[in-house]
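Listed here are the chains, written in short residue letters.
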Amino acid sequence: MRKYLKLFSFTLIIVIGVGTCFELGLWQWHRAQGMHKLQKPQPERPVVELAKAASAGSNLRNTAFNRLVTFEATFEKSYVAPNQLVTFTDGRKARKDLYVSLARLTDNRAVLVVRGLSTGTAWWGDIKTRIYGRLYPRQNVDQSEGGVGKLSRLDPALVTGDTGFNLFDGYVIQTGGEIAAPQLLSQGGAFYWQHIAYVITWWFMGLLILSFPFYNRIRTTKVQG
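Residues numbered from 1 in each chain as written. Predicted model: local features only at pLDDT ≥ 70, side-chain atom pairs only at ≥ 80, totals over all residues. Heavy atoms only, no water.

Chemist: Give a detailed account of the packing of aromatic side chains, specifying residues and quantitative values.
Modeler: Counted by the stated rule, this structure contains 2 aromatic pairs. Taking 5.8 Å as the distance between ring centres and 10 degrees as the angle between the ring planes, the aromatic pair formed by F22 and W203 counts as stacked. Here F22 is found in helix α1 (residues 2–38), whereas its partner W203 is found in helix α3 (residues 189–224), with 181 residues between them in sequence. In this structure W203 comes out as partly exposed when scored by relative accessible area, which is 33%. Judged by centre distance (5.4 Å) and plane angle (20 degrees), the ring pair of Y136 and Y171 falls under stacked. Here Y136, found in strand β5 (residues 129–136), pairs with Y171, found in strand β6 (residues 166–174); they are 35 residues apart in sequence, far enough to count as distant. (Phe/Tyr/Trp six-rings, centres within 6.5 Å; stacked < 30°, edge-to-face > 60°. Helix = DSSP H or I, 4+ residues; strand = E, 2+ residues; numbered from the N terminus. Buried < 20%, exposed > 50% of the residue type's maximum accessible area, 1.4 Å probe, protein only.)

This is the structure in structure tokens:
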């Protein structure tokens, strides 16, 4: 009886070990596929009001990334964002200085809006305008040196001290001009292959656990021989 209990316990440990390694490998596989999906353009969702996609004073939700939005606002202070990587409507890409305005919505809310290439001339007016564009997460890396009237990156945190507005996280690239507003794709190619490596590692460990009884039997046979 003790022999069978020992065999059952050993078999149970093998099954649990193999099952755990398989599930962990499968989890890493799903993460890899999710990462791969983010590196491809997604089907466009309907245009929504900015206030339905995001909330002023709160971090931007993942579901709001790349969302096409619209809102009514009045352009207030303006800035230049130098050395930004720009995609033009004809597909060209180049480093250019961008003209960025702070768009004021109702209830003392505001959002940064990229309106076009910087020409050195500020153009705005105290007129409420319907704006269409794509919502992006804030930039975390400086693209240039900052200064008076200059933004080193597209990040509302840089203008918080200049205004008393409740700011939306991220920024909007206004559509309808020479600058395109393409979907922001994930650059996690290295992470994709890292997840694949984990898949191979976990499933290989599962095979090792599965082969352990046979290895132990072969080793015992050699010793007895």
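Chemist: Lay out the environment of V86 in plain terms, naming residues and giving numbers.
Modeler: Its location among the elements puts V86 in strand β2 (residues 68–87). A relative accessible area of 2% places V86 in the buried class. Placed 11 residues apart in sequence, V86 and D97 show a C-alpha to C-alpha distance of 8.8 Å. Apart from residues lying up to four places away in sequence, V86 is in contact with R92, K93, A94, K96, L98 and I179. (Contact = heavy atoms within 4.5 Å.)

Chemist: Talk me through the pairing of β5; I want residue IDs and the actual numbers.
Modeler: Alignment of β2 against β5, held across 6 bridges, turns out to be antiparallel. Paired with T70 across the bridge in β5 is Y132. Of the strand pairs in this sheet, β5 and β6 are connected by 4 bridges, and their pairing is antiparallel. Along β6, the bridge assignment pairs L135 with V172. (Pairing = 2+ DSSP bridges.)

Chemist: Before we move on, could you go through the side chain of R109 and cite the residues and values that matter?
Modeler: Counting through the fold element by element, R109 comes out in strand β4 (residues 109–117). From its side chain, R109 meets the backbone oxygen of T106 in a polar contact 2.9 Å long. For R109, the residues in contact, after removing those within four places along its chain, are A51, A56, A103, R104, N166 and F168. (Polar contact = N/O pair within 3.5 Å; in protein donor to acceptor, adjacent residues only side chain to side chain.)

Chemist: Account for the pattern of salt bridges, naming residues and giving values.
Modeler: Applying the stated rule across the entire model yields 8 salt bridges. A salt bridge links E49 to R130; its shortest N-O distance comes to 2.9 Å. Here E49, found in strand β1 (residues 48–49), pairs with R130, found in strand β5; they are 81 residues apart in sequence, far enough to count as distant. Among the salt bridges present, the one from E72 reaches R130, with a minimum N-O distance of 3.7 Å. Residue E72 is found in strand β2, and its partner R130 is found in strand β5; the two are separated by 58 residues along the sequence. (Salt bridge = Lys/Arg side-chain N within 4 Å of Asp/Glu carboxyl O.)

Chemist: So, the nonpolar core: which residues are in play, and what are the values?
Modeler: Core analysis: the largest hydrophobic core is formed by 20 residues, its most contacted members being L98 and V100. Among the elements of the structure, β2, β3 (93–104), β4 and β6 are those that each provide at least two residues to this core. Apart from the residues lying within four places of it in its own chain, the contact partners of V100 are K77, S78, Y79, A81, L112, V113, V114, L151 and L154. Core analysis: the next-biggest nonpolar cluster, separate from the first, contains 19 residues, V69, F75, I131 and V172 among them. (Core = buried A, V, L, I, M, F, W, Y, C linked by side-chain atoms within 4.5 Å.)

Chemist: Could you give me a rundown of the pairing of β4, with the residues and numbers involved?
Modeler: Most of β4 is tucked away, with 9 of its 9 residues classed as buried. Pairing geometry for β3 and β4, over 7 bridges, is antiparallel. Pairing of L98 across the sheet is with L117, part of β4.

Chemist: I'd like to hear about the environment of I179, residue by residue, with values.
Modeler: Considering the arrangement of structural elements, one finds I179 in the loop between β6 and α3. By relative accessible area, I179 is classed as buried at 9%. In the structure, I179 is positioned 89 residues away from D90 in sequence and 8.9 Å away in space, judged by C-alpha atoms.

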